[in-house]
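# Remarks on the overall topology
What follows is the residue order along each chain.
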Amino acid sequence: MDYTGTWGVYQCFQGTDDDMIAAEDREEFFALKPNGKVFQCVSMSDGMIKLKYGKKEFRVIPKLYKVVNEPQYKLGDIVEIIEKSSIGQIIDVEWHIKDNTPFYFLKIEGKRSGKRYKDYEVKEVR
């Protein structure tokens, strides 16, 4: 299957699934704390897929990749929190497995939000 252009999660655990990540990408990939994050698959080659998270790219074996719906908002997007009328930047896009929906963490006034936001709680600033 060609995963190029899809969005998905890659649930893996350091120390258990190390061989699923390209050796040169392992340290940075596990430092990202990848479980739950939503990646974009940008290419496939040599039996591996290349996952992108923001500006970072990682080569992984596709066995643990699970396709999910494309999130409405992406890393770096500037959004308004509808309830508060405050502005923030999306710094993490993660997947809620039970609800089967994305959620977002924002940077607001230089600090990471403690609250996670869903699509209906924010809107894009134009």
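For the structure itself, look to the data block above.
This report concerns the structure included in the present document. (Residues numbered from 1 in each chain as written. Predicted model: local features only at pLDDT ≥ 70, side-chain atom pairs only at ≥ 80, totals over all residues. Heavy atoms only, no water.)

Glancing now at the overall build of the protein chain. Looking only at helices and strands, one finds one helix and ten strands in the protein chain. Reading the protein chain from its N end, one meets helices and strands in the order β-α-β-β-β-β-β-β-β-β-β. At 15 Å, the protein chain has a C-alpha radius of gyration in line with the 14 Å of a compact globule built from 126 residues. Referenced to the eigenvectors of the C-alpha coordinate spread, the extents of the protein chain come out at roughly 45 × 25 × 25 Å. Evaluated residue by residue, the protein chain yields a buried proportion of 40% over its 126 residues. The contacts of the protein chain with a sequence gap of at least 6 include a subset with a gap of at least 24, amounting to 49%. Between the mean site of the 21 positive side-chain charges and the mean site of the 21 negative ones, the protein chain shows a separation of 4 Å. (Helix = DSSP H or I, 4+ residues; strand = E, 2+ residues; numbered from the N terminus. Rg over C-alpha atoms; globule rule 2.2 N^0.38 Å. Buried < 20%, exposed > 50% of the residue type's maximum accessible area, 1.4 Å probe, protein only. Contact = heavy atoms within 4.5 Å. Lys, Arg positive; Asp, Glu negative; His and termini not counted. Charge placed at Lys NZ, Arg CZ, Asp CG, Glu CD.)

Pairing within the open sheet is antiparallel, and its five strands lie in the order 9-8-7-6-10. The sheet is open, and its two borders are formed by strand 9 (111–112) and strand 10 (122–124), each paired with just one other strand. Relative to strand 7 (residues 86–96), strand 6 (residues 78–81) runs antiparallel, the two being bridged by four bridges. Bridging from a neighbouring strand, Ile-81 pairs with Ser-86 of strand 7. (Pairing = 2+ DSSP bridges.)

On to the nonpolar core. Counting residues in hydrophobic clusters, the biggest one holds 16 residues, and the most contacted among them are Tyr-10, Ile-21, Phe-29, Phe-39, Ile-49, Leu-51 and Tyr-65. Contributing elements (two or more residues each) for this core: helix 1 (26–31), strand 2 (39–45), strand 3 (48–53) and strand 4 (56–60). Among the elements that make up this core, the one with the highest residue count is strand 3 (three residues). Excluding residues that lie within four positions of it along the chain, Ile-21 makes contacts with Tyr-10, Cys-12, Arg-26, Phe-29, Phe-30, Met-48, Arg-59 and Val-60. Of all hydrophobic cores here, the second largest spans 15 residues; its members include Val-9, Val-68, Ile-90 and Tyr-117. (Core = buried A, V, L, I, M, F, W, Y, C linked by side-chain atoms within 4.5 Å.)

You can see Asp-92 is positioned in strand 7. With sequence-adjacent residues up to four places away left out, Asp-92 is seen in contact with Lys-37, Tyr-53, Leu-75, Phe-103, Tyr-104, Phe-105 and Arg-112.

Within a pair of aromatic rings, the relevant descriptors are the distance that separates the centres and the angle that separates the planes. In the structure shown here, the tally under the stated rule is nine aromatic pairs. With 6.0 Å between their ring centres and 80° between their planes, Tyr-10 and Phe-29 make a pair best called edge-to-face. Here Phe-29 lies in helix 1 and Tyr-10 lies in strand 1 (residues 7–10), a separation of 19 residues in the sequence. As far as burial versus exposure is concerned, Tyr-10 and Phe-29 are alike and both buried. For the ring pair Tyr-73 and Tyr-104, a centre distance of 5.6 Å and an interplane angle of 75° mean the geometry is edge-to-face. Pair noted here: Tyr-73 is in the loop between strand 5 (65–68) and strand 6 and Tyr-104 is in strand 8 (residues 101–108), with a separation of 31 residues, a long-range link. On the accessibility criterion, Tyr-73 (4% relative accessible area) is buried. The buried category is assigned to Tyr-104, whose relative accessible area is 1%. Between Lys-115 and the ring centre of Tyr-117, over which it is positioned, the NZ or CZ distance is 5.0 Å. Over the ring of Phe-103 we find Arg-116, and its NZ or CZ is 4.7 Å from the ring centre. (Phe/Tyr/Trp six-rings, centres within 6.5 Å; stacked < 30°, edge-to-face > 60°. Lys NZ or Arg CZ within 6 Å of the ring centre and 35° of its normal.)

This part is about the pairing of strand 6. The turn linking strand 6 back onto strand 7 is made up of four residues, and Ser-85 within it adopts a positive phi angle of 55°. Examined bridge by bridge, strand 6 and strand 10 share three bridges and lie antiparallel to one another. Counted as the bridge partner of Val-79 is Glu-124 from strand 10.

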